[in-house]
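What follows is each chain in one-letter form.
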Amino acid sequence: LNSNLARFTGLMQGQRDMLTVSRLIMSELTPLVSAQHGAFFMMEGIGDETAEPVLRLLATYAYKERKTVANRFKLGEALVGQAALERKPIVITAAPEDYIKITSGLGEAAPTRIIVIPILFEESVMAVMELASFQAFTPVEEAFLDQLSESIGVVLNTIQANMRTEELLAQSQTLTQELQNRQQELQRPEEWLRPEPLP
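Along each chain, residues carry numbers from 1 onward, in the same order as the chain's sequence is written. Where totals are concerned, whole chains, interfaces and linings use all residues; where local detail is concerned, this predicted model gives features only for residues with pLDDT of at least 70, and gives and counts side-chain atom pairs only at 80 or more. Here the side-chain values reflect all heavy atoms present in the structure, with hydrogen atoms and water set aside.

(A) Expanded view of helix α2 (residues 18-32). Helix and strand assignments come from DSSP, with helices taken as H or I runs of at least 4 residues and strands as E runs of at least 2, each series counted from the N terminus. Under the convention used throughout, the expected extent of a helix is 1.5 Å for every residue step, that is, one less than its residue count. Between its first and last C-alpha atoms α2 spans 21 Å; for 15 residues at 1.5 Å apiece the expected length is 21 Å, and the two agree. A 1.4 Å probe rolled over the protein chains alone gives each residue an accessible area, and that area as a share of the maximum for its type sets the label: buried under 20%, exposed over 50%, partly exposed in between. Residues of α2 that are buried include every one of M18, V21, S22, L24, I25, M26, L29 and T30, and no others. In the segment just after α2, S34 is the residue with positive phi, at about 60°.

Following this line, the structure appears as structure tokens:
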């Protein structure tokens, strides 16, 4: 799986959008580890004192929306929030029948294995991935997911940093434009005050 790790890192490099990179991860990673269902939750509200941090569903693989299943979780809420709170993976080896259904055009069945993986960057939770499968994740797959989660954390942090830089640049350009407009307005009265040249 080392070659896959390098391939994934290559696929993610240069991505500038959270939605694009999370969809890419779900579509490429879920079948690679023999999972049949995947969900990617992005952490929001970190660094904002007015908002409570929440994990919001951003991308999925073979996901069927149900009224009883939330798409936002607080820290410590459900397995997604718990994995984020503990900053370590949670593995379920015998999922209950009513936990989630993997659905195809021909029918649906409950998975037997679920893994919930927090994506960290320098101990900060960036996102959480949930994968469900009909068969057990092998130790090699679990080790791969652990290594890949570190790479994903770096990519997500880079995208966030770039987005902040672009926001600051846009604000700076707006302020510069406003200052230029004000200077032009201030210069106009001076032109009106100048005496008319004598004939």
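After presenting the structure, the write-up continues.
(B) Geometry of the sheet that holds strand β7 (residues 113-121). Only when DSSP finds a minimum of two bridges between them are two strands counted as paired. Strand order in the open sheet made by the 6 strands is β3-β2-β1-β8-β7-β4, with antiparallel pairing throughout. The open sheet terminates on both sides in strands that have one partner only, identified here as β3 (72-74) and β4 (90-92). Taking each pair of neighbouring strands and ignoring which way they run, the sheet shows an average axis angle of 20°. Bridging between β7 and strand β8 (residues 124-133) involves 9 bridges; their strand directions are antiparallel. Bridge pairing links R113 to S133 in β8. In this analysis, two residues are considered to be in contact whenever any of their non-hydrogen atoms come within 4.5 Å of each other. What counts as an axis is a line fitted to C-alpha atoms, over the stretch in contact for a helix, and the angles between N-to-C directions run from 0 to 180 degrees. Where α2 meets the sheet, its contacts fall on β1 (37-44), β2 (54-61) and β8, and the angle it forms with β2 comes to roughly 55°.

(C) Here's a closer look at the nonpolar core. The criterion is simple. A nonpolar core is a set of buried Ala, Val, Leu, Ile, Met, Phe, Trp, Tyr and Cys residues joined through side-chain atoms within 4.5 Å. Core analysis: the largest hydrophobic core is formed by 30 residues, its most contacted members being I25, L29, F40, M129, L131, I152 and L156. Ranked by residues supplied to this core, first place goes to helix α4 (residues 139-193) with 7 residues. Counting 16 residues, the second largest nonpolar core, distinct from the first, contains A84, I90, I114 and V125.

(D) Focus on unusual backbone geometry. Positive phi is not limited to glycine here, since S34 has a value of about 60°. Take S34: it is sitting in the loop between α2 and β1. In this model, A78 sits at a positive phi of 55°, which is unusual for a non-glycine residue. Inspection of the secondary structure assignment puts A78 in helix α3 (residues 78-86).

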